[in-house]
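Notes for the structure review
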Amino acid sequence: MDWYVVPGALALLLAAGGVATLRTGWVPPRFRHRVRRVALHGWAQLVMAGSFALQSMAGASGAPAAGSAVGLVALGALLAALILLVVAGLDPRGG
């Protein structure tokens, strides 16, 4: 099995969820009690989708040097998305 397909599928799912969150404000029931800033949660999903898409592209390229550079960029985007998810769960009033 080609393992670059898995991050590509995750990218599609996260992109669909991010667009749905930004367009309608819908958050999956599992995360509703944690999300305080819905728009920021949607943007975090889109950044995470981009990260997984980059990982999929790095796996599909086959060139080790390009794959590692793209992989490092993807890792940075994934960490940025995780930070956005944490901030989306914080109370905007600070309490």
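Residues numbered from 1 in each chain as written. Predicted model: local features only at pLDDT ≥ 70, side-chain atom pairs only at ≥ 80, totals over all residues. Heavy atoms only, no water.

1. Concerning the nonpolar core
Ala 11, Leu 14, Met 48, Ala 49, Phe 52, Leu 78 and Ala 81 form the largest nonpolar core, which has seven residues in total. Broken down by element, this core gets its largest block of residues, three residues, from helix H2 (residues 38-61). Leaving out residues up to four positions away in the same chain, Ala 49 has contacts with Ala 11, Leu 14 and Ala 15. (Core = buried A, V, L, I, M, F, W, Y, C linked by side-chain atoms within 4.5 Å. Buried < 20%, exposed > 50% of the residue type's maximum accessible area, 1.4 Å probe, protein only. Helix = DSSP H or I, 4+ residues; strand = E, 2+ residues; numbered from the N terminus. Contact = heavy atoms within 4.5 Å.)

2. What about the side chain of Gln 45?
On the secondary structure map, Gln 45 appears in helix H2. By relative accessible area, which is 11% here, Gln 45 ends up buried. If we skip the residues at most four places from it in the chain, Gln 45 touches Leu 14, Gly 17, Gly 18 and Thr 21.

3. Observations concerning H2
For an α-helix, 3.6 residues make a turn, and residues three or four places apart therefore share a direction. The first and last C-alpha atoms of H2 sit 35 Å apart over 24 residues, in line with the 34 Å expected at 1.5 Å per residue. Within H2, burial applies to His 41, Gly 42, Ala 44, Gln 45, Met 48, Ala 49, Ser 51, Phe 52, Ser 56 and Ala 58. (Expected span 1.5 Å × (residues − 1).)

4. Some details on the pattern of salt bridges
Opposite charge on two side chains lets them pair, provided their charged atoms get close. Enumeration over the complete set of coordinates arrives at one salt bridge. Of the charged contacts, one joins Asp 91 and Arg 93 as a salt bridge, the two residues approaching to 3.6 Å between their closest N and O atoms. The class for Asp 91 is partly exposed, based on a relative accessible area of 21%. (Salt bridge = Lys/Arg side-chain N within 4 Å of Asp/Glu carboxyl O.)

5. Some thoughts on a nonpolar patch on the surface
There is a patch of nonpolar side chains on the surface, built from Trp 3, Val 6, Leu 10 and Leu 13 and spanning about 430 Å² of accessible area. Tracing the backbone through its elements, the reader meets Trp 3 in the segment before helix H1 (5-24). (Patch = residues over 30% accessible without salt bridge, like charges linked within 9 Å, V, L, I, M, F, W, Y side chains within 5 Å. Areas by Shrake-Rupley, 256 points an atom, 1.4 Å probe, with all protein chains shown as cover.)

6. Focus: the environment of Gly 18
Tracing the sequence through the fold places Gly 18 in helix H1. Taking the C-alpha atoms as reference points, Gly 18 and Leu 82, separated by 64 residues in sequence, lie 14 Å from one another. The contact partners of Gly 18, leaving out residues within four places of it in the chain, are Gly 42, Gln 45 and Leu 46.

7. What to know about the environment of Ala 20
Summarising the element assignment, Ala 20 is placed in helix H1. Relative accessible area serves as the criterion here: at 27%, Ala 20 is assigned to the partly exposed category. Spatially, the C-alpha atoms of Ala 20 and Ser 61 are 30 Å apart, while their sequence positions differ by 41 residues. Setting aside chain neighbours within four positions, we find Ala 20 in contact with Gly 25 and Trp 26.

8. Side note on the side chain of Ser 51
Mapped onto the fold, Ser 51 is located in helix H2. Excluding residues within four positions of it along the chain, Ser 51 makes contact with Ala 74, Ala 77 and Leu 78.

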